[in-house]
Amino acid sequence: MSAYPDIKVPEPRISKIIIFLVKILARLYLFLFLGVARVILRGEKNLFFAFKRALSGESRCILAFRHPNGGEPQLLAWFIIFKLTRLAAKAGVSFALKPHVCFVYGYEVVRWGGAMARLVMPRLGAMPVHHSKLDSRGMARIYDAIIKGPYPLAIAPEGQVSYTSDDIPRLEQGPVRIGFHAASRLVKAGETCPVEVLPVSFHFRYGKWGKMTLEMLLKRIERYTALKGQGKQSSLSFTGRIEKCREHILEANERRYGISPDKSRSFSERVDAVIEAALGYTERILGVKSGGKDIFSRLYFLRQLCWDRIFLPGRDSLKGRSRVDRAAADLRAGEAWYAGRHLELIDFVWYFRGALPSEDASMHIKIEYVQNLWDFANRSMGGAYSNRINIFPRRVIIQVAPPLNLTERLPDYHQDKKNAILKAISDLKDAYIGCIQTVNNNENRRDGS
């Protein structure tokens, strides 16, 4: 492993040439995530009119999208840029400008995303920001984009991939904080347009191919855990099979971190012990302490440190170094890469503490769990998101809820910022739960018809 100069990307802007190229290549790119899945928009009027207001300067919009699977930003960008105008026209809605959306992403994306991400993202107006260190320049870009408009700003309140579509494990306060602050600045400047947060939720549904590939993936997991054909494994129920595999992978992690398995404790409690041990291992490798903070603050801090040791801040940071100094930097980069293997496990397994799906669970729940079970094995073997296996859906449903008007809430915000933010986050979570319930109810009626 070698240390590299830091990766720099140009200032965000919208390039017509890149949009043209994306239009040609995007559907092929999305095939890697979705196959030939049909994309369905529901709650469409909420999306149409939010964009109509934003693009005409009547509002400012933060598009708060859920991020359960990994490919949502790409899908959402493609859908808005190339599909939204036509669908809105069918409903009698027209836009003052051609729809576009500007995404906020972590700086690490252009580090692991490769040359294509570095070429395309800034030229679609996407704005990078650091998770765990002061980034006044990045935040200034974000506020400037909201206050000046006209394009909606897309942020994932979950902060990263959450690996579950029917539950809301956690929401970060960032998008709401940003929205309130922008709304306050607009009001102080005498602007009357409100700042709206538009909840957008993604849901995946599967057909016969999904059912068949589910069994193929589960058998692969059983091979990796040496349980295939062993004893009564082949005669176990679906739930019994995944429970045996999950237990084997968990015990492998407990051995890795010197934890004595205690089967009197719940799976979630045992995972928490693994997470704490993995954080400790990472800190020792990096020679730092990040205790006293919540798990995600520690995770983001350590991850940033790893990236900064692999991609050294300052483009010329390697120039003029002696061979000894360069070798020392390379060794630190190698240590950071190895430490990152522990962080990849933490990044995933915190979300993998839910209950096992029952025998009569919906197919999308079973598929999601087995995908995550593979990822549990994958991260335990030193893998990362790039090694994740996603089963192609038959349909992707984009469900849009009514927007939350943050400007209307400013009196409460100015009186008690903490409670106003918590209330807005709670309402955003309720909106997502409403999306989940709406999609599930519609799908149940569809399957029963």
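The following refers to the structure shown. As the structure is a prediction and not an experimental result, all values here were calculated from the model.

Thresholds applied
- Residue positions are given per chain, counted from 1 along the sequence in the order it is written.
- Totals for whole chains, interfaces and linings use all residues, but because this is a predicted model, local features are given only for residues with pLDDT of at least 70 and pairs of side-chain atoms are given and counted only at 80 or more.
- The basis for the side-chain values is all heavy atoms of the structure; hydrogens and waters are excluded.
- Here an axis means a line fitted to C-alpha atoms, over the contact stretch when the element is a helix, while the angle between two N-to-C directions is reported on a 0 to 180 degree scale.
- Numbering goes from the N terminus for both helices and strands, where a helix is a DSSP run of H or I of at least four residues and a strand is a run of E of at least two.
- The labels follow the angle: roughly parallel below 35 degrees, roughly antiparallel above 145, roughly perpendicular from 65 to 115, and oblique for the rest.
- Two helices cross in a left-handed way if the nearer one is turned anticlockwise from the farther one by less than a right angle. They cross in a right-handed way if the turn is clockwise.
- The contact criterion used throughout is that any non-hydrogen atoms of two residues lie within 4.5 Å.
- Nonpolar residues are Ala, Val, Leu, Ile, Met, Phe, Trp, Tyr, Cys and Pro. Charged residues are Asp, Glu, Lys and Arg, and all others, Gly as well, are polar.
- Throughout this description, the term salt bridge denotes a Lys or Arg side-chain nitrogen within 4 Å of a carboxyl oxygen of Asp or Glu.
- For every residue, the accessible area (1.4 Å probe, protein chains only) is compared with the maximum for its type, and the residue is labelled buried under 20%, exposed over 50%, or partly exposed between those bounds.
- To count toward a patch, a residue needs a relative accessible area over 30% and no salt bridge; like charges are then connected within 9 Å, while nonpolar side chains (Val, Leu, Ile, Met, Phe, Trp, Tyr) are connected within 5 Å.
- Every accessible area reported is derived by Shrake-Rupley at a probe size of 1.4 Å, with residue values counting cover from the shown protein chains alone.
- Here, nonpolar core refers to any group of buried Ala, Val, Leu, Ile, Met, Phe, Trp, Tyr and Cys residues whose side-chain atoms link them within 4.5 Å.
- Any pair of nitrogen or oxygen atoms within 3.5 Å is treated as a polar contact; in protein, a donor-acceptor pairing is required on top of that, and neighbouring residues in sequence qualify only through side-chain atoms on both sides.
- Pairs of cysteine sulfur atoms within 2.5 Å are what we label disulfides.
- Here a Phe, Tyr or Trp ring, Trp counted by its six-membered ring, pairs with any other such ring whose centre lies within 6.5 Å, and the pair is stacked when the planes are under 30 degrees apart, edge-to-face when over 60, and tilted otherwise.
- In this analysis the charged atom, NZ for Lys or CZ for Arg, is taken to sit over a ring once it is within 6 Å of the ring centre and within 35 degrees of the ring normal.

**Concerning the packing of helix α10 (residues 238–256) against helix α14 (residues 363–380)**
Then, in step 1: Two elements in contact, α10 and α14, have axes separated by 10 Å at closest approach and are oriented at 20°. Taken together, the axis directions place α10 and α14 in an arrangement best described as roughly parallel. In the crossing of α10 with α14, the sense of the turn from one axis to the other is left-handed. For the pair formed by α10 and α14, the contact residues are F238, I242, C245, R246, I249, L250, N253 and R256 on the first element and K366, Y369, V370, L373, F376, A377, R379 and S380 on the second.
Then, in step 2: The residue makeup of the contact of α10 with α14, split by class, is 10 nonpolar, 2 polar and 4 charged.

**Things to note about the pattern of salt bridges**
Any two side chains of opposite charge can pair, given that their charged atoms come close.
Then, in step 1: Scanning all chains against the criterion turns up 28 salt bridges.
Then, in step 2: One salt bridge in this structure joins R111 and D6, with 2.9 Å as the shortest N-O distance. Here R111, found in helix α5 (residues 108–112), pairs with D6, found in the loop between β1 (4–5) and α1 (16–34); they are 105 residues apart in sequence, far enough to count as distant. Judged on exposure class, the residue R111 and its partner D6 are both buried.
Then, in step 3: The closest approach of N and O atoms between D375 and R379, which form a salt bridge, is 2.9 Å. Note that D375 and R379 are positioned in helix α14 at a spacing of 4 residues, about one turn of the helix.
Then, in step 4: For R379, a relative accessible area of 0% gives the class buried.

**Description of a nonpolar patch on the surface**
Then, in step 1: A contiguous nonpolar surface patch, about 520 Å² in accessible area, is contributed by I17, F20, L21, I24 and L25.
Then, in step 2: Relative to the helices and strands, L21 is located in helix α1.

**With respect to the nonpolar core**
Then, in step 1: L63, F65, F202 and F376 are the most contacted members of the largest nonpolar core, which totals 104 residues.
Then, in step 2: Apart from residues no more than four positions distant in its own chain, F202 is found in contact with F65, R66, P68, E72, L75, L76, S165, V396, I397 and I398.
Then, in step 3: Counting 34 residues, the second-largest nonpolar core is a separate cluster that includes V104, M127, I147 and A182.

**Some points on the packing of α10 against helix α11 (residues 267–286)**
Then, in step 1: The contact between α10 and α11 brings their axes to 10 Å, and the two run at 35°. Like other packed secondary-structure pairs, α10 and α11 cross with a definite hand, here left-handed. Along the contact surface, α10 presents R246, E247, L250, E251, N253, E254 and R256, while α11 presents F267, R270, V271, V274 and Y281.
Then, in step 2: Here the contact of α10 with α11 is built from residues that sort into 5 nonpolar, 1 polar and 6 charged.

**Details of the environment of Y29**
Then, in step 1: Relative to the assigned elements, Y29 resides in helix α1.
Then, in step 2: With 322 residues separating them along the chain, Y29 and Y351 place their C-alpha atoms 27 Å apart.

**Considering unusual backbone geometry**
Then, in step 1: With omega at -5°, the peptide bond leading from G149 into P150 counts as cis.
Then, in step 2: For P150, the position within the fold is in the loop between α7 (136–148) and β6 (153–155).
Then, in step 3: A positive phi angle is found at Y163, which is not glycine, with a value near 65°.
Then, in step 4: Note that Y163 resides in the loop between β6 and α8 (174–188).
Then, in step 5: Y163 sits in the buried class, given a relative accessible area of 3%.
Then, in step 6: Its identity is not glycine, yet A226 carries a phi of approximately 60°, on the positive side.
Then, in step 7: You can see A226 is positioned in the loop between α9 (208–224) and α10.

**Quick notes on the side chain of E172**
Then, in step 1: As for its placement among the helices and strands, E172 is situated in the loop between β6 and α8.
Then, in step 2: A polar contact of 3.1 Å, which involves the side chain of E172, links it to the side chain of R170.
Then, in step 3: With residues near it in sequence (within four places) discarded, E172 still touches P157, E158, G159, Y300 and I425.

**Points about helix α3 (residues 72–82)**
Then, in step 1: The buried count for α3 comes to 10 of 11 residues, which makes it a mostly enclosed element.
Then, in step 2: Inspection of α3 places E72, P73, L75, L76, A77, W78, F79, I80, I81 and F82 among the buried residues, and these make up the whole buried set.

**Some words on the state of the cysteines**
Then, in step 1: Following the criterion strictly, the structure yields 0 disulfides and no others.
Then, in step 2: With no disulfide of its own, C193 lies 12 Å from the sulfur of C61, the closest cysteine sulfur.
Then, in step 3: For C193, a relative accessible area of 6% translates into the label buried.

**Examining the environment of A384**
Then, in step 1: One can find A384 in the loop between α14 and β9 (395–400).
Then, in step 2: Each C-alpha atom, one on A384 and one on E344, is 5.9 Å from the other, the two residues being 40 residues apart in sequence.
Then, in step 3: Once residues lying within four places of it in the same chain are set aside, the contact partners of A384 are R341, E344, D375, N378 and R379.

**Quick word on the packing of aromatic side chains**
Then, in step 1: Tallied over the full model, the rule gives 19 aromatic pairs.
Then, in step 2: Both rings, one in F267 and one in F376, keep their centres 6.4 Å apart while their planes meet at 85°; by these two values the pair is edge-to-face. Taken together, the positions of F267 in helix α11 and F376 in helix α14 put the pair 109 residues apart, joining distant regions of the chain. Of the two residues, F267 and F376, neither departs from the other in class, the shared state being buried.
Then, in step 3: With a centroid separation of 5.0 Å and an interplanar angle of 80°, the aromatic rings of W350 and Y351 are classed as edge-to-face.
Then, in step 4: For Y351, a relative accessible area of 10% gives the class buried.
Then, in step 5: A cation over a ring is seen here: R170 above F296, with NZ or CZ 3.6 Å from the ring centre.

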